[in-house]
Amino acid sequence: MALESIILEDEYVALKPIQTEHIQGLFTAGEDPSIWQWTTANYCQTLALSKNWVEYCLENARLNLQLPFVIVDKTQDKIVGSTSYLNISLEHKSIEIGFTFLAPSAQRSHINRRCKLLLLSHAFETLQLNRVAFQTHEKNQRSRTAILGIGATFEGIHRDCRIQKDGSIRSSAIFSIIKPEWPQVKSKLLAKLTTPTILNTTDE
């Protein structure tokens, strides 16, 4: 069974399935090199790389390996980043949220938590999944703090699991939210959305 393409949105944020028409917007959103410090590669280093990355995501979507979204700030009608469902296992009711980046202008804002609320609500309430996972570079403390702030539980370190573009070996910190935890996680996320908060968002 394939994961259906869908738009997820609230009053302020929209998650729209990536299309080739989004290449320029994604490239512009990801131009700042600091976004990519902890990632395996910089997909927005050049417009050509952004094009290749979008085509790669679209192929993964065709194969039901990934459902990639652009993140749109509806107050500006502007693409400010990207996120994805990946490691999709509908048979085992498990999924991961990752490949997330936000432009510096959208970091430390309401956008990350709103995106996560949309993605988690769809995963647990519409898809009826049992588990949503997250991972980030072991050394990316800002991202680890942000994931914990969403309400995920730290599970451990996946050691030496990736080779970065610079040749360094990455270990990943693994987090998850499971179905019995979702009502409390959702309640806390909704409460945080009502209060202005400084958020930290990086690759997840």
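The structure we're discussing is the one just above.
The notes below deal with the structure included here.

Parameters and conventions
- Residues numbered from 1 in each chain as written.
- Predicted model: local features only at pLDDT ≥ 70, side-chain atom pairs only at ≥ 80, totals over all residues.
- Heavy atoms only, no water.
- Salt bridge = Lys/Arg side-chain N within 4 Å of Asp/Glu carboxyl O.
- Helix = DSSP H or I, 4+ residues; strand = E, 2+ residues; numbered from the N terminus.
- Buried < 20%, exposed > 50% of the residue type's maximum accessible area, 1.4 Å probe, protein only.
- Pairing = 2+ DSSP bridges.
- Contact = heavy atoms within 4.5 Å.
- Axes fitted to C-alpha atoms, helices over the stretch in contact; angles between N-to-C directions.
- Expected span 1.5 Å × (residues − 1).
- Arc of directions from axis to C-beta.

1. Looking at the pattern of salt bridges
For the structure on display, the rule yields 6 salt bridges. Here E55 ties to K51 by a salt bridge, and the two come within 2.6 Å at their closest N and O atoms. Residue E55 and its partner K51 are located together in helix α2 (residues 47-62), separated by 4 residues, close to a single helical turn. Look at E55 and you get partly exposed, because its relative accessible area is 36%. Of the residues examined, K51 reaches a relative accessible area of 40% and is grouped as partly exposed. E59 serves as the salt-bridge partner of R62, at 2.8 Å between the closest nitrogen and oxygen. Taken as a pair, R62 and E59 lie in helix α2 at a separation of 3 residues, close to a single helical turn. By relative accessible area, which is 59% here, R62 ends up exposed. With a relative accessible area of 33%, E59 lands in the partly exposed category.

2. Brief notes about the sheet that holds strand β6 (residues 131-137)
If you walk across this open sheet you meet the 8 strands as β1-β2-β3-β4-β5-β6-β8-β7, and the pairing is mixed. In this open sheet, the two strands that pair with only one neighbour each are β1 (8-9) and β7 (153-163). Looking at chain direction, β6 and strand β8 (residues 169-178) are connected through 7 bridges and run antiparallel. Across the sheet, F134 pairs through a bridge with F175, a residue of β8. Packing against the sheet, helix α3 (residues 111-126) makes contact with β1, β2 (13-17), β3 (66-73), β4 (78-89), β5 (94-102), β6 and β8, and its axis sits at approximately 55° to β2.

3. Details of helix α5 (residues 182-193)
Helix length check: α5, at 12 residues, gives a terminal C-alpha distance of 16 Å against a target of 16 Å (1.5 Å per residue), a fit within 8%. Among all positions of α5, only W182, V185 and L189 are buried. Viewed along the axis of α5, the buried residues span an arc of 65°, placing them on a single side of the element. Of the residues in α5, the exposed ones pointing more than 90 degrees away from the buried face are P183 and Q184. Where the residues of α5 are buried, they touch α3, α4 (141-150) and β8.

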